[in-house]
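Next come the chains, spelled out residue by residue.
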Amino acid sequence: MTALPDPHYQAEFYADTPVKRLIAWIVDAFVIFAMTFAVSLLTLGIGFFLFFGIFMVLGFAYRVITLANGSATWGMRLVAIELRTADGARFSLLPAFLHTLGYSVSIGMPLLQLVSIVLMLTTERRQGLTDMVLGTVAINRAA
């Protein structure tokens, strides 16, 4: 098993990750919105009445699947960051599920999301609240 990069001696792994996470979040929200819109059309419009619920379910599934299969969502891959576990390993299904669950809880509670953003901007490993609880980090992918 590998260890996480040291934020003092290997700071390049954590450089600009908060901004990259924001960009990735915007890209992922657009992808999930597009999938939700497509599902709503495929249900002959019935899905538009349940749009928010479909958005939440598809978003959860999208994040778990993409994190479990590459340690990054499509948005994260676009900006060249990935999530790693406390021991430096890439995400498998369980960490992907737990990270997505933590993200979903914090998104549902604005105060927790605000705390998460502040932590990403102030901690040496640029970890959000869910990352701190799980011991995970977002790092720049090695070239």
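Remember, it's a predicted structure, so these values are computed and weren't measured experimentally.

What counts, and at which threshold
Residues numbered from 1 in each chain as written. Predicted model: local features only at pLDDT ≥ 70, side-chain atom pairs only at ≥ 80, totals over all residues. Heavy atoms only, no water. Helix = DSSP H or I, 4+ residues; strand = E, 2+ residues; numbered from the N terminus. Rg over C-alpha atoms; globule rule 2.2 N^0.38 Å. Buried < 20%, exposed > 50% of the residue type's maximum accessible area, 1.4 Å probe, protein only. Contact = heavy atoms within 4.5 Å. Core = buried A, V, L, I, M, F, W, Y, C linked by side-chain atoms within 4.5 Å. Phe/Tyr/Trp six-rings, centres within 6.5 Å; stacked < 30°, edge-to-face > 60°. Expected span 1.5 Å × (residues − 1). Axes fitted to C-alpha atoms, helices over the stretch in contact; angles between N-to-C directions. Nonpolar A, V, L, I, M, F, W, Y, C, P; charged D, E, K, R; others polar. Arc of directions from axis to C-beta.

(A) Inspection of the overall build of the protein chain at higher detail. Broken down by element type, the protein chain carries six helices and two strands. Along the protein chain, helices (α) and strands (β) appear in the sequence α-α-α-β-α-α-α-β when read from the amino end. Relative to the globule expectation of 15 Å for 143 residues, the C-alpha radius of gyration of the protein chain, 16 Å, shows essentially globular dimensions. Each principal axis of the C-alpha atoms in the protein chain carries an extent, and together these give about 55 × 30 × 25 Å. Here the protein chain holds 143 residues, and 41% of them are scored as buried. In the protein chain, 60% of the contacts between residues at least 6 apart in sequence involve partners at least 24 apart.

(B) Summary view of the nonpolar core. Core analysis: the largest hydrophobic core is formed by 10 residues, namely Ala-24, Leu-67, Ala-72, Met-76, Val-79, Ile-81, Leu-83, Phe-91, Ala-96 and Ala-138. Dropping the residues within four chain positions of it, Ala-72 is found in contact with Thr-66, Leu-67, Arg-77, Ile-81 and Glu-82.

(C) View of the packing of aromatic side chains. All chains considered together, the criterion is met by six aromatic pairs. On the numbers, 6.4 Å between centres and 25° between planes, the contact of Phe-33 with Phe-37 is stacked. Within this pair, Phe-33 and its partner Phe-37 are both found in helix α1 (residues 17-42), separated by four residues, close to a single helical turn. Owing to a relative accessible area of 40%, Phe-33 belongs among the partly exposed residues under this scheme. With a centroid separation of 5.6 Å and an interplanar angle of 75°, the aromatic rings of Phe-60 and Phe-97 are classed as edge-to-face. You can see Phe-60 sitting in helix α2 (residues 51-70) and its partner Phe-97 sitting in helix α4 (residues 93-108), a full 37 residues away along the chain. Residue class for Phe-60 comes out partly exposed when judged on its relative accessible area of 23%. Here a set of aromatic residues connected by ring pairs shows up, and it is made of Phe-33, Phe-37, Phe-48 and Phe-51.

(D) Spotlight on α1. With 26 residues, α1 extends 37 Å between its outermost C-alpha atoms, agreeing within 8% with the 38 Å of an ideal straight helix rising 1.5 Å per residue. Positive phi appears at Leu-44, one or two residues downstream of α1, with a value of about 60°.

(E) How the structure looks around the packing of α4 against helix α5 (residues 110-122). Packing of α4 against α5 brings their axes to within 5 Å, and their N-to-C directions diverge by 115°. Packed against α4, whose contacting residues are Val-105, Ser-106, Ile-107 and Gly-108, the element α5 presents Pro-110, Leu-112 and Gln-113 at the interface. Across the contact of α4 with α5, the residue classes break down as four nonpolar, three polar and no charged.

(F) Broad picture of α5. In a regular helix each residue adds 1.5 Å, so 13 residues correspond to 18 Å; α5 covers 18 Å between its end C-alpha atoms and thus fits that length. Listed as buried for α5 are Gln-113, Ser-116, Leu-119 and Met-120. Taken down its axis, α5 places every buried residue within 120° of arc, on the same side. When the buried face of α5 is taken as reference, the exposed residues oriented beyond 90 degrees from it are Pro-110, Leu-111, Leu-121 and Thr-122. Where α5 is buried, its residues contact α1, α4 and α6 (129-134).

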